[in-house]
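# A structural walkthrough
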2 protein chains.
Amino acid sequence: MSTIREYIASNAEMVEAALIQALPAQWNVPASLRESMNYSLMAGGKRLRPILVLAAAEALGGSQAAALPVALAIEMVHTYSLIHDDLPAMDDDDYRRGKLTNHKVYGEAMAILAGDALLTHSFYSITQAHKVHGIPAERVLAITEELAAYAGARGMVGGQAADMLGEQGLTKLEELEFIHLHKTSDLIVFSLRAGAHIAGATTGQLAALSEFGNAIGLAFQIQDDILDIIGDETKLGKPVKSDEKQQKVTYPYFIGLEASEMKVKELTEQAKKALLQGGFKNPERLFQLADYLMQRDH
Amino acid sequence: MSTIREYIASNAEMVEAALIQALPAQWNVPASLRESMNYSLMAGGKRLRPILVLAAAEALGGSQAAALPVALAIEMVHTYSLIHDDLPAMDDDDYRRGKLTNHKVYGEAMAILAGDALLTHSFYSITQAHKVHGIPAERVLAITEELAAYAGARGMVGGQAADMLGEQGLTKLEELEFIHLHKTSDLIVFSLRAGAHIAGATTGQLAALSEFGNAIGLAFQIQDDILDIIGDETKLGKPVKSDEKQQKVTYPYFIGLEASEMKVKELTEQAKKALLQGGFKNPERLFQLADYLMQRDH
């Protein structure tokens, strides 16, 4: 069995090779819109969410090829959310992962449209799991419904709205957890459930994956907050202590650095325990991914 | 049989009553995000696209109730596109239909998010045609795929990008028709096809509706251009000659007012002729809608 780093690297490579072709070449799309969409899709990143889709499908013995359109879809949704978050009216960021943000290269109007088009195309991609790979329409429609719920007003967009509205200052840890839950965990939970739906998961397996996803999602976000304080700038691709400079309220702000590190460990154990339920066939990669995320340094 | 005006009024009323409840009340959505979404959903408009969904389902003898979630979805997509089009980085409009635009009331960031959430929720709404009304999953998935294609990079968003890129000045009628086709006709064609899918349309019926939709879509847009020159400001809800003042290139600009009026008539006849194909059960409302759109004064 390859190491988890090799597993991540080879899957990220497969996802990237497919992403660049996700918008059919024969479609008549204005050239600069296509370019703007591809610029952000190809701007790097860990490809964590698509890898979770693939690992969840694998955990149930499902087909990787059939899970790929859904893996691409979630990366499109993640990418659109970053493009819109970076806009001047939102976080007003000029750089992401060391590269100019979309609107700095293509202008604000095109960045808004590229985000809109990526979000729309994510739903197209999902339908191909049925059309090209023959996954039953009921399962693919369940994935469609869940993406719309987890990424929409009660999910990721709701979390982003709460984050913006709270920028004047959060006063409770629960408010910060609400934001993390929806801005980060919702898409992670969706990724796992979507991969499982492809393989025909039971209700019990879906519940176990939701619990796993909520725990690693929160751990992931707290680890981000920690790395922002103690991380290595060259590995992170952004200045450390940037949150602190922006007076952004983070997990360590509320409970301190040491307790935050402890919380990441606890959540990871909780996640792995949830996975013991559900009778998964090949859950090894999910276990390894939980540990990997806790130990990452960027 | 009621008049076409009564048909439009009663269906618009039904659509509006359902739209206000489209985002489930029990969902935990930040209050101002919900408010911002509902503000634009409820800001009036002809409700033309949802009415086309219902009329197309009726043309095939299909269920109106089952078509309603799809009718709501298309109005959400239309509404999100208006919110984003009005943003300062795009058309920078302060008023639409006599009301302040979304970002003038809720700020730019919330307007971007409200648009994103409406687009996302449109796909949720479509899935309810299967989940609540029992339309076969294959049909509902076909609608999902078509919405993503007609509203995305090769459809409506592509048309909007081409419009923006062409603002320096279009030189050919074909360029203007490309923009009209994608900014306007694509969603009209989708509306008709989606209503037909609900009722289990044949390939021939779908093709006839596409031809009908492309013709009335272009006629609709040319009529808009004409009304902008000769219309009644109070009925239009915006100053006449506003396109001219903005030096916007329109159909009358290329071929003159009289030839534009002739073109609208021709396209309407062409549309009605297309409908004679396909053996529709109750196509009366579609015929009446084509005539109504040509004669409208706002």
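Residues numbered from 1 in each chain as written. Chains lettered and ligands numbered in written order. Predicted model: local features only at pLDDT ≥ 70, side-chain atom pairs only at ≥ 80, totals over all residues. Heavy atoms only, no water.

## Description of the overall build of chain A
- The secondary structure content of chain A amounts to 15 helices and 2 strands.
- Against the 2.2 N^0.38 benchmark of 19 Å for 298 residues, chain A shows a C-alpha radius of gyration of 18 Å, consistent with a compact globule.
- Residues counted as buried form 59% of the 298 residues belonging to chain A.
- Partitioning the intrachain contacts of chain A with sequence separation of at least 6 by distance along the chain shows that 73% fall at a separation of at least 24.
- The average position of the 27 basic charges and that of the 38 acidic charges among the side chains of chain A differ by 4 Å. (Helix = DSSP H or I, 4+ residues; strand = E, 2+ residues; numbered from the N terminus. Rg over C-alpha atoms; globule rule 2.2 N^0.38 Å. Buried < 20%, exposed > 50% of the residue type's maximum accessible area, 1.4 Å probe, protein only. Contact = heavy atoms within 4.5 Å. Lys, Arg positive; Asp, Glu negative; His and termini not counted. Charge placed at Lys NZ, Arg CZ, Asp CG, Glu CD.)

## With respect to the interface of chain B and chain A
- Taken together, the contacts link 49 residues of chain B with 49 residues of chain A.
- Across the interface of chain B and chain A, roughly 4,200 Å² is buried in total on both sides, 77% from carbon and sulfur atoms.
- Of all residues in chain B, the largest losses of buried area upon contact with chain A belong to Thr120(B), Leu141(B) and Glu145(B), amounting jointly to 15% of the total for that side.
- Where chain B meets chain A, there are 2 salt bridges.
- For the side of chain B that touches chain A, the secondary-structure elements that each account for two or more residues are α2 (31-41), α4 (64-86), α6 (108-131), α7 (137-151) and α8 (156-165) of chain B.
- The biggest single contributor to the side of chain B that touches chain A is α6(B), with 15 residues. (Buried area = accessible area lost by both parts, 1.4 Å probe. Salt bridge = Lys/Arg side-chain N within 4 Å of Asp/Glu carboxyl O.)

## Topic: the relation of the copies chain B and chain A
- Here chain B sits on chain A after a turn of 180 degrees about the axis and a move of 0.0 Å along it, with an RMSD of 0.0 Å. Considering both components of the superposition, the chain copies are consistent with a two-fold axis. Identified as the residue of chain B closest to the rotation axis by C-alpha distance is Ala137(B), at 2.7 Å.
- Most of the interface of chain B is mirrored in chain A, where 100% of its interface residues are also at the interface. (Least-squares fit on C-alpha atoms with pLDDT ≥ 70 in both.)

## Regarding the pattern of salt bridges
Residue and element names in this part refer to chain A.
- Inspection of every chain in the model, using the stated rule, returns 20 salt bridges over all chains.
- One salt bridge connects glutamate 16 with arginine 47, and the closest N-O pair in it is separated by 2.8 Å. Here glutamate 16 is found in helix α1 (residues 4-19), whereas its partner arginine 47 is found in the loop between α2 (31-41) and α3 (48-59), with 31 residues between them in sequence.
- Among the residues examined, glutamate 16 registers a relative accessible area of 29% and is labelled partly exposed.
- By relative accessible area, arginine 47 is classed as buried at 2%.
- Of the charged contacts in the structure, one is a salt bridge between glutamate 75 and arginine 47, with a shortest N-O distance of 2.8 Å. Residue glutamate 75 is located in helix α4 (residues 64-86), and its partner arginine 47 is located in the loop between α2 and α3; the two are separated by 28 residues in the primary sequence.

## Here we look at the packing of aromatic side chains
- As enumerated under the stated definition, the model contains 7 aromatic pairs over all chains in all.
- Geometrically, the ring pair formed by Phe123(A) and Phe123(B) is stacked, given 3.9 Å between the ring centres and 5 degrees between the ring planes. Of this pair, Phe123(A) sits in helix α6 (residues 108-131) while Phe123(B) sits in helix α6, on two different chains. Across the pair, exposure class does not vary: Phe123(A) and Phe123(B) are buried alike.
- On the basis of an interplanar angle of 85 degrees and a centroid distance of 5.2 Å, the ring pair of Tyr253(B) and Phe254(B) is categorised as edge-to-face. (Phe/Tyr/Trp six-rings, centres within 6.5 Å; stacked < 30°, edge-to-face > 60°.)

## Topic: the nonpolar core
- Leu33(A) and Leu33(B) are the most contacted members of the largest nonpolar core, which totals 120 residues.
- Discounting chain neighbours no more than four positions away, the residues touching Leu33(A) are Met110(A), Leu113(A), Ala114(A), Ala153(B), Val157(B), Gly158(B) and Ala161(B).
- Core analysis: the next-biggest nonpolar cluster, separate from the first, contains 39 residues, Leu206(A), Phe220(A), Ile226(A) and Leu275(A) among them. (Core = buried A, V, L, I, M, F, W, Y, C linked by side-chain atoms within 4.5 Å.)

## Observations concerning the side chain of Gln205(A)
All names here are of chain A.
- Positionally, glutamine 205 belongs in helix α10 (residues 203-230).
- Looking at glutamine 205, the relative accessible area reads 10%, which means it is buried.
- Beyond its immediate chain neighbours, meaning those up to four positions away, glutamine 205 contacts Leu60, Gly278, Gly279 and Phe280.

## Considering the packing of helix α1 (residues 4-19) of chain B against helix α15 (residues 284-295) of chain B
Residues and elements named next belong to chain B.
- One can describe the packing of α1 onto α15 by two numbers: an axis separation of 10 Å at closest approach and a directional angle of 100 degrees. Comparing the axis directions of α1 and α15 gives the class roughly perpendicular. Of the residues in α15, those touching α1 at Ile4, Arg5, Tyr7 and Ile8 are Arg285, Gln288, Leu289 and Tyr292.
- Here the contact of α1 with α15 is built from residues that sort into 5 nonpolar, 1 polar and 2 charged. (Axes fitted to C-alpha atoms, helices over the stretch in contact; angles between N-to-C directions. Parallel < 35°, antiparallel > 145°, perpendicular 65-115°, else oblique. Nonpolar A, V, L, I, M, F, W, Y, C, P; charged D, E, K, R; others polar.)

## A word on the side chain of Ser210(B)
Residues and elements named next belong to chain B.
- Counting through the fold element by element, serine 210 comes out in helix α10 (residues 203-230).
- A distance of 2.9 Å separates polar atoms of two side chains, one belonging to serine 210 and the other to arginine 193.
- In contact with serine 210, other than residues within four places in its own chain, are Tyr150, Val189 and Arg193. (Polar contact = N/O pair within 3.5 Å; in protein donor to acceptor, adjacent residues only side chain to side chain.)

## Observations concerning α10(A)
- Taking 1.5 Å of rise per residue, 28 residues should cover 40 Å, and α10(A) covers 40 Å from first to last C-alpha, within 8% of that figure.
- Of all the 28 residues making up α10(A), 20 are buried; the element is thus mostly covered by neighbouring parts of the structure. (Expected span 1.5 Å × (residues − 1).)

## A look at a nonpolar patch on the surface
Residue and element names in this part refer to chain A.
- Where nonpolar side chains cluster on the molecular surface, the patch consists of Tyr95, Leu100 and Val105 and spans about 280 Å² of accessible area.
- Along the chain, tyrosine 95 falls in strand β1 (residues 95-96).
- You can call tyrosine 95 exposed: its relative accessible area is 54%. (Patch = residues over 30% accessible without salt bridge, like charges linked within 9 Å, V, L, I, M, F, W, Y side chains within 5 Å. Areas by Shrake-Rupley, 256 points an atom, 1.4 Å probe, with all protein chains shown as cover.)

## Considerations on helix α15 (residues 284-295) of chain A
- End to end, α15(A) covers 17 Å across 12 residues, agreeing with the expected 16 Å (1.5 Å per residue, within 8%).
- Close packing links the buried residues of α15(A) with α1, α3, α9 (173-198), α10 and α14 (257-276) of chain A.

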